[in-house]
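Structure at a glance
Residue-level listing of the chains:
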Amino acid sequence: KMMAPPFAPAPLRRRTHSRTVQALLGLGLVAAVVFTVTLSFTQHRNRGLASTLSRSTVARNSLICPAGTRPRGRINGKTICRSTVQDEKEKSSESFIDYVGRNKDLIDQFVNKGTGSRPCPATMWNSKDMDISALRANPPADLDVEFPLYISPEDLNLPVDATAEAIGEKKDLVRQLMLKHGALVFRGFESTKTMDGYRDAYKALGFSSCEDPLEGTFLRKNADKEIKFTFNQNPTHYVGMHTECTHTVGPVSGAFWCGNPASVGGEFTLLDGRKMFFDLDQDVVQRFYNKDVRIKVVGLPAGPLANVLPRDMLAGAFEGAAKVMPGPTADLMEKYDLDFFVLDDYEGVPRFGGLEPRQSPLNRHPVTGDPLWFCNIHNHARYLSDRRPNSLVEIARADVYYGDLTTIAAQDVQHIDDITRKNLHKVAMQPGDIVLLDNYRVLHGRENFTDFEGNARKHCVTWFEN
């Protein structure tokens, strides 16, 4: 396995591409994008013509594509069928222009690189030489431990109005419980109902904040230097289960705080990665481990040019355009060590993509050594995000491929979703609640939600280096 040695920081590769060549290719890409947008506008304008199709045409289409789908074009001589349900979802999804207009402060933060705090630690990888069969034959005795563990003031022998200092005196016990259970939900503490009280509590427990791995992107707003607002600005988007670790950087733990819950929905979701390792089908786990994965974190449709021009040239143009964009884009490319490709998605549609380096879907816990499912595919797989509430702008749509850049079979992705939903826990957070989680063992997410007028969801997160 081509992985970093145990607990070693993942190395960053240096690029030798000519910035001049990349910039010129980027200009070509801009022209291509204008062409694609013009083509898309024309298709949108003519969409109403579909109602005039003759019955013979509809019948002919039904012979090409199964029920519930329609032909969307041809790629490499092959007819691509598109779900009509997905067509309706795309009609109602938010455009990038609308997103920018609704989140001007967030976009300004992106361009000006935000605030940030001390750098996040490197992800600790220890995934070499894992005997899947032997490990699964000997599960830990506490595999089915209570998860998450809810903690009240009474559980810590504290009064409801306990100060941060009093909570801090219980830090050794809290650390032991966190190591055993993976995630703790603090509820019923009066002092944590304000953001300052939340900050005082995690500092009293000895946690040291580090830079949000999403710092510099337009996905999370800053509350201040340490605390970030969670994904509140896209209520109709379902956030799948993921850790906050990339291949290169990863906080050790985190604390999520509820200032005000959503009017409807918006539950915080938790998943025990250790339990997932033992519950997933062994053949699926072995296949993923043998092949590794590569995660696409940024992308756009490549359009008809992918069938005309060499894909490596198009990928180089996309990379060149990204490097000369305003804001911290070039820094993020270096931070996440991205490589650029034009790859077909699960439907055979070619898309630009910035991909993280090849990485294992498994890891060992840095303290206990327990085997963990350590893969963000449930959140990032386009196959899944196309089948659930999704309102992300296209450039932020992620995907996952095998390490050799081949497409992952839909039945394997669906199996991961099935086992994830079987094991995930929903936490309906209340004002003042704090969820402390182990970022290596625990994956987290969020249900979509609705806010009524005068009641905005307010959730925050802080990431820690310890």
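Just so you know, these numbers come straight off a predicted model, no measurement behind them. (Residues numbered from 1 in each chain as written. Predicted model: local features only at pLDDT ≥ 70, side-chain atom pairs only at ≥ 80, totals over all residues. Heavy atoms only, no water.)

**Comments concerning the sheet that holds strand β17 (residues 425-427)**
Backbone-to-backbone hydrogen bonds pair the strands of a sheet. The strands run either parallel or antiparallel. Ordered by their spatial adjacency, 4 strands build an open sheet running β7-β19-β10-β17, and the pairing between neighbours is antiparallel. Among the strands making up the open sheet, the edge pair consists of β7 (239-242) and β17. Looking at each pair of strands side by side, their axes are set apart by 20° on average, direction ignored. Both strand β10 (residues 268-272) and β17 contribute to a ladder of 3 bridges, which runs antiparallel. Residue pairing for β17: Leu-270 is matched across the bridge by His-425. (Pairing = 2+ DSSP bridges. Helix = DSSP H or I, 4+ residues; strand = E, 2+ residues; numbered from the N terminus. Axes fitted to C-alpha atoms, helices over the stretch in contact; angles between N-to-C directions.)

**Observations regarding the environment of Ala-428**
Among the secondary structure elements, Ala-428 is positioned in the loop between β17 and β18 (434-438). Taking C-alpha positions, Ala-428 is 8.7 Å from Thr-269, a pair spaced 159 residues apart along the chain.

**Topic: a nonpolar patch on the surface**
Together, Val-308, Leu-309 and Met-313 make up an exposed nonpolar region whose accessible area comes to about 250 Å². Mapping Val-308 onto the fold places it in the loop between β11 (293-301) and α12 (311-323). (Patch = residues over 30% accessible without salt bridge, like charges linked within 9 Å, V, L, I, M, F, W, Y side chains within 5 Å. Areas by Shrake-Rupley, 256 points an atom, 1.4 Å probe, with all protein chains shown as cover. Salt bridge = Lys/Arg side-chain N within 4 Å of Asp/Glu carboxyl O.)

**Some points on the pattern of salt bridges**
Taken as a whole and assessed by the stated rule, the structure comprises 22 salt bridges. When the shortest N-O distance is used, the salt bridge between Lys-203 and Glu-226 registers 3.9 Å. Here Lys-203 is found in helix α9 (residues 195-204), whereas its partner Glu-226 is found in the loop between β5 (209-210) and β6 (228-229), with 23 residues between them in sequence. Looking at Lys-203, the relative accessible area reads 45%, which means it is partly exposed. The exposure class assigned to Glu-226 is buried, which follows from its relative accessible area of 17%. One salt bridge in this structure joins Asp-386 and Arg-397, with 2.7 Å as the shortest N-O distance. Separated by 11 residues along the polypeptide, Asp-386 in the loop between α15 (382-385) and β16 (399-402) and Arg-397 in the loop between α15 and β16 bring together distant segments of the chain. For Asp-386, a relative accessible area of 5% corresponds to the buried category. A relative accessible area of 5% means that Arg-397 is categorised as buried. Through salt bridges with shared partners, one network takes in Asp-196, Arg-199, Lys-203 and Glu-226. (Buried < 20%, exposed > 50% of the residue type's maximum accessible area, 1.4 Å probe, protein only.)

**Section: the pairing of strand β19 (residues 442-446)**
Looking along a regular strand, one sees the side chains alternate between the two faces of the sheet. The buried fraction of β19 amounts to 5 of the 5 residues, a majority that puts the element mostly inside the structure. Of the pairings in the sheet, the one linking β10 to β19 comprises 5 bridges and is antiparallel in character. Opposite Thr-269, over in β19, you have Gly-445 as the bridge partner.

**Some words on the packing of helix α11 (residues 282-291) against helix α16 (residues 410-423)**
In contact at an axis separation of 11 Å, α11 and α16 are set at 115° when each is read in the N-to-C sense. The element α11 and its partner α16 pack so that their crossing is left-handed. Counting all contacts with α11, which are made through Val-284, Arg-287 and Phe-288, the residues of α16 involved are Asp-412, His-415 and Ile-416. Of the residues assigned to the contact of α11 with α16, the class counts are 3 nonpolar, 1 polar and 2 charged. (Left-handed = near helix turned anticlockwise from the far one by under 90°. Contact = heavy atoms within 4.5 Å. Nonpolar A, V, L, I, M, F, W, Y, C, P; charged D, E, K, R; others polar.)

**Describing the packing of aromatic side chains**
Taken as a whole and assessed by the stated rule, the structure comprises 15 aromatic pairs. Geometrically, the ring pair formed by Phe-186 and Phe-189 is tilted, given 5.8 Å between the ring centres and 50° between the ring planes. With centroids separated by 5.5 Å and ring planes inclined at 55°, the aromatic side chains of Phe-318 and Phe-340 adopt a geometry described as tilted. Placement of Phe-318 in helix α12 and of Phe-340 in strand β12 (residues 339-344) is noted, with a sequence separation of 22 residues between them. A single burial state applies to Phe-318 and to Phe-340, both of which are buried. (Phe/Tyr/Trp six-rings, centres within 6.5 Å; stacked < 30°, edge-to-face > 60°.)

**Topic: helix α8 (residues 171-181)**
Residues Val-174, Met-178 and His-181 constitute the buried set of α8. Taken around the axis of α8, the buried residues stretch over an arc of 85°, which confines them to a single face. Away from its buried face, by an angle of more than 90 degrees, α8 presents the exposed residues Asp-172 and Gln-176. Looking at the buried positions of α8, the neighbouring elements they touch are β3 (149-151), β4 (183-186), β8 (253-260) and β18. The positive-phi residue at the C-terminal boundary of α8 is Gly-182, with phi of around 90°. (Arc of directions from axis to C-beta.)

**Regarding the confidence of the model for the chain**
Overall, the predicted model of the chain reaches an average pLDDT of 80, with 71% of residues at or above 70. Long-range and interchain partners of residues 30-63, a stretch whose pLDDT sits below 50, account for 6 contacts in this model, where long-range means more than four residues apart. The model gives residues 85-94 a pLDDT under 50, and that stretch makes 13 contacts with residues more than four places away or in other chains. (pLDDT = per-residue confidence, 0-100.)

**A few points about the sheet that holds β16**
With respect to topology, 4 strands assemble into an open sheet ordered β12-β13-β11-β16, the strand pairing being antiparallel. If you trace the sheet from one side to the other, it starts and ends with β12 and β16, each paired once. Each neighbouring strand pair of the sheet contributes to a mean axis angle of 45°, computed without reference to strand direction. Relative to strand β13 (residues 350-355), β12 is paired through 6 bridges, and the arrangement is antiparallel. Each residue of the ladder has a partner; that of Phe-341, found in β13, is Gly-353. Relative to the sheet, α12 contacts β11, β12 and β13, its axis offset from that of β12 by approximately 130°.

**Considerations on α9**
Among the residues making up α9, those that are buried are Met-195, Gly-197, Tyr-198, Arg-199, Ala-201 and Tyr-202. Looking at the residues trailing α9, positive phi occurs at Gly-206, about 90°.

**What to know about the environment of Ala-183**
Note on placement: Ala-183 falls in strand β4. The spacing of Ala-183 and Leu-437 is 254 residues in sequence and 4.3 Å in space, taken between C-alpha atoms. Residues within four places of Ala-183 in sequence aside, it is in contact with Phe-147, Pro-148, Leu-149, Met-178, Leu-270, Leu-436, Leu-437 and Val-442.

**Points about unusual backbone geometry**
At the junction of Phe-147 and Pro-148, the peptide bond is cis and its omega measures out at -10° in the coordinates. Among the secondary structure elements, Pro-148 is positioned in the loop between α6 (132-136) and β3. Even without glycine at this site, Asn-157 takes up a positive phi of about 55°. Its location among the elements puts Asn-157 in the loop between β3 and α7 (164-168). For Asn-157, a relative accessible area of 68% puts it in the exposed group. Non-glycine residue Leu-405 carries a positive phi angle of around 75°. In this structure, Leu-405 sits in the loop between β16 and α16.

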